[in-house]
Amino acid sequence: MIRRRALWGVVGVLALAGSAFAVQWLGAEKSTSQPARTAGPRAVAVEAAIAVHKRSPVTVEALGSVTPLASVAVRTRIDSEIVGIHFEDGAVVKKGDLLVTLDSRALEAQIRQAEAQLARDKAQLEGAERDLRRYTELVARAATPQTNLDNAKTQADVYRAAILASQATIDHLKVQLGFTTIRAPISGRTSQANVKIGNQVRTADLTPIATINQTAPVYVSFTVPQRLLPQIRAALTNEDAVVEAVIPGEARRARGQIAMIENTVDAATGMATIRATMPNADELLWPGTLVTARLTLRIEDAVTVPSTAVQVSQQGSFVYVVKDGVAKVQPVTVLRASGPETVVETGLSGGETVVTAGHLQLTDGTRVTVRGEPPPRKAGA
């Protein structure tokens, strides 16, 4: 009995040893059949650009409005009826072009009447001068009193004055007749005709017949803080004060020069008004349009990065600089933003690769892969 129990004990030990060997062999087989997984976090895909050291403009942006150099309300100078409109609504006209014709028949009749009066005065003067010559001869022979000669002189002077009055009346009526044809006083673009053919127009009318706006060149007016006036005046002296007008929704830009700085600063707001002249030959700027006026004060060397690369935290502005596949936080000092670019005063020296998209998944030291090559950025002015 004791021998049998010992035998069963030996069998059990051998069975346990076999099981342990089988488990170890299967585990080794499984580990050799499956490759080992790579440890570590996955790299974050980002977009990047190169920080460039170049000549960058120092600009000032302000909201401005387009105003015409000249604007004329076309009005009548006499009371009459419109008999002709000689321009299309919104047409471009040149100085001296015929715009409106008024009824001139009444004035023409008055001129003929005044001319007849002038002819009568001249005939009467001729008769008075004949009487003057006759009385002069008679007085010389003592054949008539001196009073008759004096009366003849007075009568001749009266007719001479009447001739002058009649001539002045004719000149006045001719001036009035000239007002029956209204011509463009300036070159520009017309509005619609507010009054059409057949309507009576009067000098007391509040609404003009039409309005002409000069559209080439035009003004762009905007205001700047008074603290910028010394820099603007220095730019005017150096002829660097270039103004660019940015129109919402328009890719083209209008460029011009400062025409004047208002001679006073608004004491209530501390703002000064600047007016720039734009050639506007293509009529890109329309009177009354609101634009963004971008005034260039000077051009200086600076390091620029895309504005999308600059991030802001409680500690200040920073960018992610990519080096050897790792994104590192680099604090920077932003000097100014100029459209899609930001000028960095400190923190970058140019040539660094900075992240422009994909910041949300980044922390200091995150492994990254740059999608494509960073787009090259010109280093020229």
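Our focus in this paragraph is the overall build of the protein chain. Summing up its helical and strand segments, the protein chain has four helices and 22 strands in all. For the protein chain, the residues scored as buried account for 33% of the 381 residues in total. Here the protein chain displays about 23400 Å² of accessible surface, and carbon together with sulfur accounts for 54% of that area.

Take the layout of surface pockets next. Reported here for the second largest pocket is a volume of approximately 160 Å³. Lining of the second largest pocket is provided by Pro57, Thr59, Asp240, Val242, Val243, Glu244, Arg255, Arg294, Thr296, Arg298 and Ile299. Contributing elements (two or more residues each) for the lining of the second largest pocket: strand 2 (52–68), strand 12 (242–246) and strand 15 (290–306). The dominant element in the lining of the second largest pocket, judged by the number of residues it contributes, is strand 15, at four residues. Across the lining of the second largest pocket, the residue classes tally to four nonpolar, two polar and five charged.

Moving on to empty space enclosed by the protein. One pass over the full model with this rule turns up one cavity of 30 Å³ or more. Roughly 30 Å³ of internal volume is contained in the largest cavity. In terms of lining, the largest cavity is formed by Val74, Phe87, Leu99, Val100, Thr190, Ile209, Ala210, Thr211 and Ile212. Elements that contribute at least two residues to the lining of the largest cavity include exactly strand 6 (98–102) and strand 10 (210–213). The greatest single-element share of the lining of the largest cavity, amounting to three residues, is contributed by strand 10.

Within the open sheet, the four strands sit side by side as 7-6-4-9. Their pairing is antiparallel. Among the strands making up the open sheet, the edge pair consists of strand 7 (181–183) and strand 9 (200–201). Judged from the three bridges that link them, strand 4 (residues 80–85) and strand 6 form a sheet pairing that is antiparallel. Directly across from Ile85, in strand 6, lies its bridge partner Val100.

This brings us to the nonpolar core. Among the nonpolar cores identified, the biggest contains 29 residues, and Leu99, Val100, Leu102 and Ile212 are the most heavily contacted of them. Among the secondary structure elements, those contributing two or more residues to this core are strand 6, helix 2 (105–140), helix 3 (146–178) and strand 10. Residues in contact with Leu99, not counting those within four places in the same chain, are Val74, Gly84, Ile85, His86, Phe87, Val93, Ile182, Arg183, Ala184 and Ile212.

With that settled, consider the pattern of salt bridges. Under the counting rule described, the total for this entry stands at 16 salt bridges. Here Glu283 ties to Arg189 by a salt bridge, and the two come within 2.7 Å at their closest N and O atoms. You can see Glu283 sitting in the loop between strand 14 (271–278) and strand 15 and its partner Arg189 sitting in strand 8 (residues 188–190), a full 94 residues away along the chain. Between Glu300 and Arg298 there is a salt bridge, and its shortest N-O distance comes to 3.5 Å. What you see here is one network of salt bridges that share partners, running through Glu61, Glu244, Arg255 and Arg294.

In a regular helix each residue adds 1.5 Å, so 33 residues correspond to 48 Å; helix 3 covers 49 Å between its end C-alpha atoms and thus fits that length. For helix 3, every residue scored as buried is listed here: Leu149, Ala152, Ala156, Tyr159, Ile163, Ser166, Ile170, Leu173 and Gln176. Residues of helix 3 that are buried make contact with helix 2.

Mean pLDDT over the protein chain stands at 86; residues scoring 70 or higher make up 87%. Below pLDDT 50 for its whole length, residues 19–39 participates in zero contacts with residues either more than four positions away or in separate chains.

Cut-off values and rules
Residues numbered from 1 in each chain as written. Predicted model: local features only at pLDDT ≥ 70, side-chain atom pairs only at ≥ 80, totals over all residues. Heavy atoms only, no water. Helix = DSSP H or I, 4+ residues; strand = E, 2+ residues; numbered from the N terminus. Buried < 20%, exposed > 50% of the residue type's maximum accessible area, 1.4 Å probe, protein only. Areas by Shrake-Rupley, 256 points an atom, 1.4 Å probe, with all protein chains shown as cover. 1 Å grid on protein atoms, 1.4 Å probe; cavity = no way out; pocket = protein on both sides within 12 Å on 5 of 7 lines; lining within 4 Å. Points joined across faces, edges and corners; volume = space filled by probe spheres on them. Nonpolar A, V, L, I, M, F, W, Y, C, P; charged D, E, K, R; others polar. Pairing = 2+ DSSP bridges. Core = buried A, V, L, I, M, F, W, Y, C linked by side-chain atoms within 4.5 Å. Contact = heavy atoms within 4.5 Å. Salt bridge = Lys/Arg side-chain N within 4 Å of Asp/Glu carboxyl O. Expected span 1.5 Å × (residues − 1). pLDDT = per-residue confidence, 0-100.

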